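One letter stands for each residue in the lines below.
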Amino acid sequence: MVRPIAPRRRTAMAARNPANPRRRAIFALLAPFVGFADYLRLRLVDRAWRLYCRRVGRTPPPFPWLMLPPRESAPGHPAPTVRVFYDIPGGMSYGYNVPPKNHHRCVATGHGWLVMVAVQPPRRITVLNPITDEGKVIPWPFDNCNERFHAHLTSSPVDRACFLVVVTDRLIAYCRPAHFQGWQTLRAPGFRYHAASSDVVSLSSSLVFLVDQRGKLWRVELAEQQPHVERRDTAFALPSKELRRYYLVESLGHILLVLSDDRHKCVSLYKLDWAARMWAPTDGWRGDRVLLLGRGCSAAVPASSAAGRVPGTVLFARQPTSISDMDSSVRGDGGGQAWFWSETRVDATPDDLLVLKKTVPHRQGEFTDDDSFWFFPAVDPDENAT
């Protein structure tokens with residue numbers, strides 16, 4: 001015979017019920033005062049809080065984490081699957097499962113997700129949220145296993161308006177990850193891929209810009225019924241032949257182009273004027289933003305979130321495999337510990353600034369000599385969460 005539940009026990013169970021309106025109201029009141037890292041910890045220990053998190057989501061912190069290179073694997077052991085994410089302002093490290101580098105390599109991040117490409121056949125793309133462990137597998141858009149490409153997410157892949165864009169020589173491939181129905185391709189006449197001197201960025205969930213090493217620009221509105229690629233031959237003169245690294249970044253509704261030399265000792269900033277067909281120099285610009293640059297992960301954040309860094313500071317993620325690293329003081333060449341990002345400023349010149357190379361506490365040889373990526377941790381809302 002099934003015994004009835006005692007009234008006191010029934011009351012306690014109702015209080016623990018994640019759907020209890022009173023408990024959800026308490027969570028809603030507490031949520032604005034809980035930091036993102038604490039928010040994630042509470043998701044692990046409390047079922048009701050975890051359900052609340054999944055249903056309402058959580059926007060990322062204003063300053064991203066830095067996803068460090070994969071850890072070295074011990075001899076005779078499989079490659080580690082836990083990747084370290086470092087919170088620079090908070091000085092804390094977090095570990096989340098990410099496919100090992102011998103299966104997938106990260107090529108871009110955005111809106112709480114990683115874009116990873118399989119390194120062995122069959123070639124495919126995986127978009128993964130390491131915080132929630134959600135993932136989507138998408139077939140490779142091209143016939144060959146081309147290594148010359150840029151990848152970009154215009155918004156979170158759970159957003160139906162999101163596009164995943166893959167760009168290579170004279171060609172743009174795009175799809176909607178939320179409801180994948182195949183790839184579409186567009187010709188981008190004249191676009192030349194270059195690992196260091198071309199890039200892609202979006203101004204919205206559908207407006208995409210490309211730049212190549214000649215400063216030429218392409219633009220396409222992917223949400224149109226019949227997208228058309230526009231090209232601009234921009235008036236552009238390099239201040240120095242040494243500025244060979246190009247980064248596109250969106251900031252406050254503007255498209256910025258950052259040029260840097262290989263060692264980040266000289267940095268120049270330009271703002272796009274599409275109507276005037278030019279990149280306008282921004283001499284002396286500081287604004288109120290800090291720029292975080294890296295292939296496939298560039299962003300601009302408020303200086304107030306950057307732990308005391310002044311406006312105009314530029315942080316470069318170290319990416320020796322995506323962009324050839326010209327600096328000799330990396331791990332394995334001189335015996336120093338690996339550094340993961342460097343810091344300079346927009347109006348820096350080789351004579352007035354020492355580029356700061358940054359590391360985190362770790363053992364010698366703990367990490368591979370691979371790429372780091374800026375990563376905004378996020379939890380997407382899911383009204384159907386159970």
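Here we summarise the structure given alongside this text. For clarity, every value in this text was computed on a predicted model and none was experimentally measured. (Residues numbered from 1 in each chain as written. Predicted model: local features only at pLDDT ≥ 70, side-chain atom pairs only at ≥ 80, totals over all residues. Heavy atoms only, no water.)

## Focus: the sheet that holds strand β4 (residues 104-110)
Then step 1. One open sheet holds the 4 strands; their spatial order is β4-β5-β6-β7, and the pairing between them is antiparallel. Two strands in the sheet have a free side with no partner beyond their single neighbour: β4 and β7 (134-139). Adjacent strand axes in the sheet meet at a mean angle of 25°, parallel and antiparallel pairs treated alike.
Then step 2. Judged from the 6 bridges that link them, β4 and strand β5 (residues 113-118) form a sheet pairing that is antiparallel. Residue pairing for β5: His 104 is matched across the bridge by Ala 118. (Pairing = 2+ DSSP bridges. Helix = DSSP H or I, 4+ residues; strand = E, 2+ residues; numbered from the N terminus. Axes fitted to C-alpha atoms, helices over the stretch in contact; angles between N-to-C directions.)

## Quick word on unusual backbone geometry
Then step 1. Cis geometry marks the peptide bond from Pro 121 to Pro 122; its omega dihedral reads -5°.
Then step 2. Its location among the elements puts Pro 122 in the loop between β5 and β6 (124-129).
Then step 3. The phi dihedral of Asp 133 is positive, around 65°, even though this residue is not glycine.
Then step 4. By the element assignment, Asp 133 lies in the loop between β6 and β7.

## Considering the state of the cysteines
Then step 1. Considering all chains together, one arrives at 0 disulfides under this definition.
Then step 2. With no disulfide of its own, Cys 106 lies 8.0 Å from the sulfur of Cys 297, the closest cysteine sulfur.
Then step 3. Assessed through its relative accessible area of 7%, Cys 106 is described here as buried. (Disulfide = S-S within 2.5 Å. Buried < 20%, exposed > 50% of the residue type's maximum accessible area, 1.4 Å probe, protein only.)

## Comments concerning the packing of aromatic side chains
Then step 1. Enumeration over the complete set of coordinates arrives at 15 aromatic pairs.
Then step 2. Between Phe 63 and Trp 374, the aromatic rings sit 6.5 Å apart at their centres with planes inclined by 85°, giving edge-to-face as the arrangement. Of this pair, Phe 63 sits in the loop between α4 (47-56) and β1 (65-67) while Trp 374 sits in strand β25 (residues 373-375); the two residues are 311 residues apart in sequence, bridging distant segments of the chain.
Then step 3. With a relative accessible area of 3%, Phe 63 lands in the buried category.
Then step 4. Put simply, the rings of Trp 65, Phe 85, Tyr 94, Tyr 96 and Phe 375 touch in pairs and so form one group of aromatic residues. (Phe/Tyr/Trp six-rings, centres within 6.5 Å; stacked < 30°, edge-to-face > 60°.)

## A look at the pattern of salt bridges
Then step 1. A full pass over the atoms with the stated rule returns 13 salt bridges.
Then step 2. In this structure, the salt-bridge partner of Lys 101 is Asp 370, at a minimum N-O distance of 3.1 Å. On the criterion of sequence distance, the pair formed by Lys 101 in the loop between β3 (92-97) and β4 and Asp 370 in the loop between β24 (356-358) and β25 is long-range, its members being 269 residues apart.
Then step 3. Between Asp 233 and Arg 231 there is a salt bridge, with the nearest N and O atoms lying 3.1 Å from each other.
Then step 4. Shared partners join several salt bridges into a network, and the residues in it are Arg 105, Arg 123 and Glu 147. (Salt bridge = Lys/Arg side-chain N within 4 Å of Asp/Glu carboxyl O.)

## A closer look at the layout of surface pockets
Then step 1. What the largest pocket holds in volume is close to 560 Å³.
Then step 2. Forming the walls of the largest pocket are 28 residues, and the residues nearest its centre are His 111, His 152, Glu 250, Ser 298 and Ala 299.
Then step 3. Of all elements in the fold, only β4, β8 (150-153), β12 (199-202), β16 (245-251) and β21 (299-302) reach the threshold of two or more residues within the lining of the largest pocket.
Then step 4. A per-class count over the lining of the largest pocket returns 14 nonpolar, 11 polar and 3 charged.
Then step 5. In this structure, the second largest pocket is lined by 24 residues; those nearest its centre are Arg 105, Cys 106, Val 107, Ser 322 and Asp 371.
Then step 6. Going through the elements one at a time, β4, β8 and β12 are the ones with two or more residues in the lining of the second largest pocket.
Then step 7. The element that contributes the greatest number of residues to the lining of the second largest pocket is β4, accounting for 4 residues.
Then step 8. Residue composition of the lining of the second largest pocket, by class: 11 nonpolar, 5 polar and 8 charged. (1 Å grid on protein atoms, 1.4 Å probe; cavity = no way out; pocket = protein on both sides within 12 Å on 5 of 7 lines; lining within 4 Å. Points joined across faces, edges and corners; volume = space filled by probe spheres on them. Nonpolar A, V, L, I, M, F, W, Y, C, P; charged D, E, K, R; others polar.)

## Describing the side chain of Ser 155
Then step 1. Summarising the element assignment, Ser 155 is placed in the loop between β8 and β9 (164-168).
Then step 2. A residue is classified by how much of its surface remains accessible, and Ser 155, at 9% relative accessible area, is buried.
Then step 3. Within the local environment of Ser 155, its side chain forms a polar contact with the side chain of Asp 159, the two groups lying 3.4 Å apart.
Then step 4. Setting aside its immediate chain neighbours within four residues, Ser 155 contacts His 111, Ala 161, Cys 162 and Ser 205. (Polar contact = N/O pair within 3.5 Å; in protein donor to acceptor, adjacent residues only side chain to side chain. Contact = heavy atoms within 4.5 Å.)

## Focus: the side chain of Arg 232
Then step 1. When you line up the elements, Arg 232 lands in strand β15 (residues 230-232).
Then step 2. No salt bridge forms around the buried Arg 232; measuring N to O, its nearest opposite-charge neighbour Glu 230 is 4.6 Å away.
Then step 3. There is a polar contact of 3.3 Å between the side chain of Arg 232 and the backbone oxygen of Trp 274.
Then step 4. If we ignore the near neighbours within four places in the chain, the residues touching Arg 232 are Lys 216, Leu 217, Trp 274 and Arg 277. (Lys, Arg positive; Asp, Glu negative; His and termini not counted.)

## Points about the nonpolar core
Then step 1. Grouped together as the largest cluster of nonpolar side chains are 34 residues, with contacts concentrated most on Trp 65, Leu 68, Leu 315, Phe 340, Trp 341 and Trp 374.
Then step 2. Among the elements of the structure, β1, β2 (82-87), β3, β5, β20 (289-293), β22 (313-317) and β25 are those that each provide at least two residues to this core.
Then step 3. Among the nonpolar cores identified, the runner-up in size contains 20 residues, and Trp 113, Val 117, Phe 142 and Trp 183 belong to it. (Core = buried A, V, L, I, M, F, W, Y, C linked by side-chain atoms within 4.5 Å.)

Nothing here speaks to function; it is geometry throughout.
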